[in-house]
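# A closer look at the structure
What follows is each chain in one-letter form.
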Amino acid sequence: KPSRSLDAEMSVLADLLHTLLLPFRLVLRLIHRLLYSPTWRTTYPVTRTLPEPVAPAARKGTWTLRTRTGESPLGPVKHTLNGNTGRQLWTFDPAAAPAAWEADALSHFRREYEAMAEARHHSADEPLRLQALRETGGKRRAAKPLPKGAAEAEQVDASLRHGIGFYGSLQMEDGHWPGDYGGPMFLLPGLVIACYVTETELPAEHRAEMLRYLRNHQNEDGGTGLHIEGHSTMFGTSLNYVAARLLGMAADDPHCLRARAFMHGRGGAVNNTSWAKFWLALLGVYEWRGINPLPPEMWILPYWLIVHPGRFWCHCRMVYLPMSYLYGKRAACPPTPLTEALRKELYVEPYSEIAWEEQRNNCGPADMYVQHHPLQDLLWKVVAAAEPWIPAWLRRRALSWCADMILHEDGSTRHVDIGPVNKAINMVCCWYDDPHGEAFKAHLPRIFDYLWLAEDGMKMQGYNGSQAWDTAFAVQAIAASGLGEEAEVSPILRKAHEYLDASQVREDCPEVERYYRHISNGAWPFSTQDHGWPISDCSSEGLKGVIAVEALGLPGVAALEPERLFDCVNVILSYQNTAEHWGTGGWATYENTRGPAALELLNPSECFGDIVIDYSYCELTCACITALSHFHRRHPGHRTAEISTAIKLGAQWIRDKQRPDGSWYGSWGVCFTYGAWFGVVGLASVGEREATSPHVAKALAFLRSKQLPDGGWGESYLSSSRKEYHHADASQVVNTSWAMLALLAGTEGCDESMAGAAPVLARAAAFLMSMQEPTGDWPQQLISGVFNHNCMITYANYRNIFPLWALGQYRRRLRGEPLPNLDAVPTLKL
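Just so it is clear, the model here is predicted, and its values are computed rather than measured.

Let's shift gears to the nonpolar core. In summary, soluble globular proteins display a tendency toward joint burial of nonpolar side chains. Counting residues in hydrophobic clusters, the biggest one holds 233 residues, and the most contacted among them are Phe-186, Leu-326, Leu-346, Tyr-347, Leu-543 and Phe-608. Setting aside its immediate chain neighbours within four residues, Leu-346 contacts Ser-238, Tyr-241, Val-242, Met-263, His-264, Gly-268, Ala-269, Leu-280 and Val-285. Of all hydrophobic cores here, the second largest spans five residues; its members include Ala-105, Leu-106, Phe-109 and Leu-130.

The next thing to look at is the environment of Asp-656. Locating Asp-656 in the fold gives a position in helix H21 (residues 640–657). By relative accessible area, which is 53% here, Asp-656 ends up exposed. Sequence separation of Asp-656 and His-695 is 39 residues, and the distance between their C-alpha atoms is 9.5 Å. A polar contact of 2.8 Å, which involves the side chain of Asp-656, links it to the side chain of Gln-652.

Counted according to the given criterion, the structure contains 50 aromatic pairs. The interplanar angle of 75 degrees and the centroid separation of 6.3 Å between the aromatic rings of Trp-275 and Tyr-320 together place this pair among those described as edge-to-face. One end of the pair, Trp-275, is in helix H9 (residues 274–283); the other, Tyr-320, is in helix H10 (residues 314–329), with 45 residues separating them in the sequence. The pair Trp-275 / Tyr-320 is uniform in exposure class, with both members buried. The cationic tip of Arg-330 hangs over the ring face of Tyr-327; the distance from NZ or CZ to the ring centre is 4.1 Å. Taking NZ or CZ as reference, Lys-706 lies 4.9 Å from the ring centre of Tyr-725, over its face.

A few words on helix H13 (residues 392–412). Over its 21 residues, H13 runs 30 Å from end to end, which matches the ideal 30 Å to within 8%, given 1.5 Å per residue. Phi for Arg-414, located one or two positions after H13, is positive at around 55 degrees.

So, about unusual backbone geometry. Only a minority of non-glycine residues have a phi that is not negative, and only a minority of peptide bonds are not trans. Notably, Glu-606 is not glycine yet its phi reads approximately 70 degrees, a positive angle. Locating Glu-606 in the fold gives a position in the loop between strand S8 (586–587) and helix H20 (618–634). Its relative accessible area of 3% is what places Glu-606 among the buried residues. A positive phi is found at Lys-723, a non-glycine position, where the angle reads about 60 degrees. Within the secondary structure layout, Lys-723 lies in the loop between helix H24 (718–722) and strand S10 (727–732). According to the relative accessible area criterion, Lys-723 is partly exposed, its value standing at 36%.

Conventions used here
Residues numbered from 1 in each chain as written. Predicted model: local features only at pLDDT ≥ 70, side-chain atom pairs only at ≥ 80, totals over all residues. Heavy atoms only, no water. Core = buried A, V, L, I, M, F, W, Y, C linked by side-chain atoms within 4.5 Å. Buried < 20%, exposed > 50% of the residue type's maximum accessible area, 1.4 Å probe, protein only. Contact = heavy atoms within 4.5 Å. Helix = DSSP H or I, 4+ residues; strand = E, 2+ residues; numbered from the N terminus. Polar contact = N/O pair within 3.5 Å; in protein donor to acceptor, adjacent residues only side chain to side chain. Phe/Tyr/Trp six-rings, centres within 6.5 Å; stacked < 30°, edge-to-face > 60°. Lys NZ or Arg CZ within 6 Å of the ring centre and 35° of its normal. Expected span 1.5 Å × (residues − 1).

Below, the structure is given as C-alpha cells:
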C-alpha cells in the first residue's frame, strides 16, 4: 500500500472528529436557537387584500361637526363614561347638498387659502363658522352702531357684547367650544401609515381632504416643516410624502416631484429623525437595523433604577412603549407594489446598497434641535451589540408586559389614548396581536376623534381636542367681564358649566402604581372625560371656571358638590414637586417629576426638547397657586395649612424662575408674553403688585419695552425655539391680550400704578377693538401654542377667548370695579 502523508492522516482524523461531534453541535445549535435566536421577528398576521390606493374623486355633500355622538364611519364607539360628551366628529353627508351661499363661501375660503398658503400658513376654522351660520340662513351678526365720539368705556362695552355674542354662536350643544388643535405636520402621516399597515380604509371624502391639507402645507422649496409655520425638514417632508402616496397621489404629481427633489438634494430619507425612521421601518421602506435599539426589556428593569422608563414624562413614556413593542417584534408591512416604489423614491442610493447600521444617528441639520450626548450614542452601540444575545424567553416576557401596559392605556382612555402618536401606534400593536380582535376594533371609531376639518383640509390634531381647557378659560373670561348675569350671556355660561360638570374625571384609573400612573379622581382633563388623563393646570383652570360661574348665582346652574372640589384640590396638591420629587415647589404637567434633569441626556428624539422627565413650569405653577387661592376664598376651612404652604412654596418658585430681564419663559404658549401673564397673575394672587414687588415691577417693565407702535404686542414662534424674545411681523391679538391681563393684575388696587398703566392699556385696548371683525370675531393670526420648545400647535379659540378676557377686565378698570380674586386673603398665611 502506498504510504500516506501526515497531512492526509490529519485530514482523515479531522473528518472523523467532525462526524463524532456533529450531534453535539446540532444540540448546541438547537439550544442557542431556543434561547437566543431572534424569534421575535413577527410574521405579518394576514394576507393583504386591500387594493393599492388611488386618489379619491371629489364628491358633493355637506360636512357637519357633531358632538355627543358615538357614531363613526368605521363603527360605533365601544366605551364611553358620559354619553360621548365633548366628542368632536366631522361627518360627511353626500345626500345633503349645502345651501348655495354656504357652498360658495366654502369654495371662496378654500381658494383664498390656497392662494395665500405660502404666506399665511394658518387656517381660520371657516367650516365651523359657516356651520354656525346655518341657523341664520347665512346672515352674519352685525354690531349695534355707536354714536360718533362714543366714550372709550362705551366702545369697550360694545366690543365685548358683540364678541361674546359671536363666540356664543360657536358653542356646541353640550356646552364646549370646538376648534382647530392642529399644527404639527408629523401627526397625520403616522395615522395614514398605521391605516395602511392594518389595512384600514378611510372614507374617500376624508382622504380627499387629507390630500388637500398635504398640498396646502408644502413649503416653497418643496419640503414640509415640523409644524405649519416651520422651515422644511426631512422629518416633515419624508413622512408627508409617504402619506400623500398612501392616500393615492401619483409619483409624478408636481407635489411629489417637488418633495422628492427636496429629499434627494439633502441625501434622501436616511438623513432623518429617529421618529421618522420608526414609521418608515414599520411601513417596510426602511430597515429596523438602521434604528437605534428600543428593546422592550427596558420595561422589565427594576423601578429603583433611575433610568427606568416608568420615570419618564408620560407623553414620552406612552410613545416609546408601543414603539418598543413593535421594534421588539420587528413588525413591518410586507412588500407591496407601492412600498417597493417608495423604496426607490425615498433614497438616493439603491435600497439594497444602503449601509443601514451607519444611518442610526444620521440626522440632518434642518431637523436637529437636540444633539445626542456622546454617552447616549455609546449606550445605543452597547445595546445594539448585546441585543442578539437576549434570550427568546426574556423577549417574550418583555413583549407580554408591554402589551399589558398598552391595553391598560387603551382601556383607561376608552381607546382615545393620551395623544395622536401613541394612538396610531397602539392601534398597530393591537392589530399585530389580533387583527380581528376587539382591542383593535375598539380603536377604529376613535380615529375620528382626532380629525379636524378646516378650509386648508383635514388634519390630525395634537389631542382629541382642547375642549375642557378652552371652555374653562372661556367661562373665566366671560365671567370677568361683569356681563355674565345678563340675559343674553347667562345661557352661554350655564351650558359651559354643564360641560365642565360632565368632563371632570371621577375616578382613578385601575392599578395606578403598577402602571406608573398618577391619581386622577377629581381632576379635569385637557379635552374630555373619556380621555381622562389628569393635568395639573387643566384641573386648576377647570376648578377656577366652575367657581367663577357658580359665584354669579345664575338660575339653572347646579353647583358641584363640595366633595368634588375637595377631590380636585387633593389632586392639585399632590402634583407639587417638593424635594422628594426633585423639585422646590413648582408644578409639573401630568405627574410629579420622577427623576433628575440628567435623564434628559437620554433624549433620543433629535427634534424635541425636554421630553424625558416631567419638569416644573411657570404656567402650571401659577395656575395651581391661583386655583388654590380661588378655592380657599370659597372653602376657607378646608386644608388651610397645606394650601398655605403649597402657595407659599409655589410663589417662591415663580420668583426664582424669573429671568434677569423680568420675563418668564412660557413653555406651552408663544412665549414670553404668555409666561408674563401667568407669572404676574400668580404673584398678584398672593398680594404682590408693581408698587410693592420688584418681581412684578420688572415683569411689567419688560412688557412695556415690547409694546409696538400700534399699541399691540406680537411674538414669533422663534421666541419658543430660540428662548429669546422675537417680534412677529405684526401685532397679535393673543399676545396683546396676555400682556394686558398681566398689566391689569400687576397694577390692581394701586392708584399710582393704575394711572401709569392707563395709557399703555388704552392703546392696547384700541388695538384689540380695531382688529375685531364686523361679525364680532377676531382674525386668526400666527400660531400661539407650543410644546417641547420646538413644535408649534394651534389654539384656534385663543383669538376669541383672550381678547374677551382682556377687554372684560379692562371694562372693570374703566368702571372702577375691582378685578376678581386679587384681594388679600387674610386666612392664608403667606
